[in-house]
Amino acid sequence: MNILIIAAHPDDEILGMGGTILKHTSKKDNVTIVYMATGVTARRSSNEIKSNEEKKFQKKILELRKDSLKAANLLNVKNVKFYDFPDNQMDRITLLNVVKAIEKEIKSVKPERVYTNHYGDLNVDHQIVSNATLTACRPLNGPVKEIFSFEVLSSTEWSYPNVFKPNYFVNIKKQLKKKIQAMEQFKDEIRDFPHPRSSKNIEFVAGRWGTVAGLEAAEAFEIIRKIEE
């Protein structure tokens, strides 16, 4: 099966579905991860960026991409692609531009299943990427038969009053350790407990969804579309 993961930022997919990714690659599914936004540009301290500051931010982008590739390698993902949409500012980009970028990847990968961010997340980039993915995956004789949304810790659960309502669960008891190791590759993104993006909380959340599904550890998804032929 061809699997396409459209993530707004590097680490979104690890937080939401790192264990599921490993299950896909273990089954020899062809997994491609596409990151839409840089993940670091919103942290600039001023609108006027001096040349030396710009170099520092470019270095941070490269470091984040290296961390992403290390995490992907742990999960046996070989296909990773990066776009340069501005971090936490994708609402300044026309939706059409984002849709066209995703359509390009769909044409290349020909995925039967697509995973993406949840439409109700607090983060504006997550919302836009979710919307653009649904638009790009319009059921017009394309290859995409299934669309699943995943949660991102420190965004999905903070988006009151929107609620993540999972209806599909994946047992990741055997994959949880590797998922946490993959997240720990993001040295500038991992946090200490009780932050949601801490190793300890990742384990807690897996346990929580596990109890919902009668498992020891699970990842949760909301099925957006599933077409049976």
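Please read these numbers as outputs of a predicted model, since none were measured by experiment.

Parameters at a glance
- Residues numbered from 1 in each chain as written.
- Predicted model: local features only at pLDDT ≥ 70, side-chain atom pairs only at ≥ 80, totals over all residues.
- Heavy atoms only, no water.
- Axes fitted to C-alpha atoms, helices over the stretch in contact; angles between N-to-C directions.
- Helix = DSSP H or I, 4+ residues; strand = E, 2+ residues; numbered from the N terminus.
- Parallel < 35°, antiparallel > 145°, perpendicular 65-115°, else oblique.
- Left-handed = near helix turned anticlockwise from the far one by under 90°.
- Contact = heavy atoms within 4.5 Å.
- Nonpolar A, V, L, I, M, F, W, Y, C, P; charged D, E, K, R; others polar.

Here we look at the packing of helix α1 (residues 12-26) against helix α5 (residues 176-183)
Next up, step 1: Put simply, α1 and α5 touch, their axes get as near as 9 Å, and they point 135° apart. When the axes of α1 and α5 are compared, the pair comes out oblique. Pair α1 / α5 crosses with right-handed handedness. Where α1 approaches α5, its residues I14, L15, G16, M17, G18, G19 and L22 are matched on the opposing element by K178, K179, A182 and M183.
Next up, step 2: Looking at the contact of α1 with α5 residue by residue, the classes come out as six nonpolar, three polar and two charged.

Observations regarding unusual backbone geometry
Next up, step 1: A cis amide bond, omega 5°, links Y160 with the succeeding residue P161.
Next up, step 2: Examined against the element boundaries, P161 turns out to sit in the loop between β5 (146-150) and β6 (168-171).
Next up, step 3: Residue P194 is bonded to the preceding F193 through a cis peptide linkage, with omega at 20°.
Next up, step 4: Phi angles above zero are rare outside glycine, and N76 is one such case at about 65°.
Next up, step 5: Of note, S154 is a non-glycine position whose phi angle comes to about 85°, a positive value.

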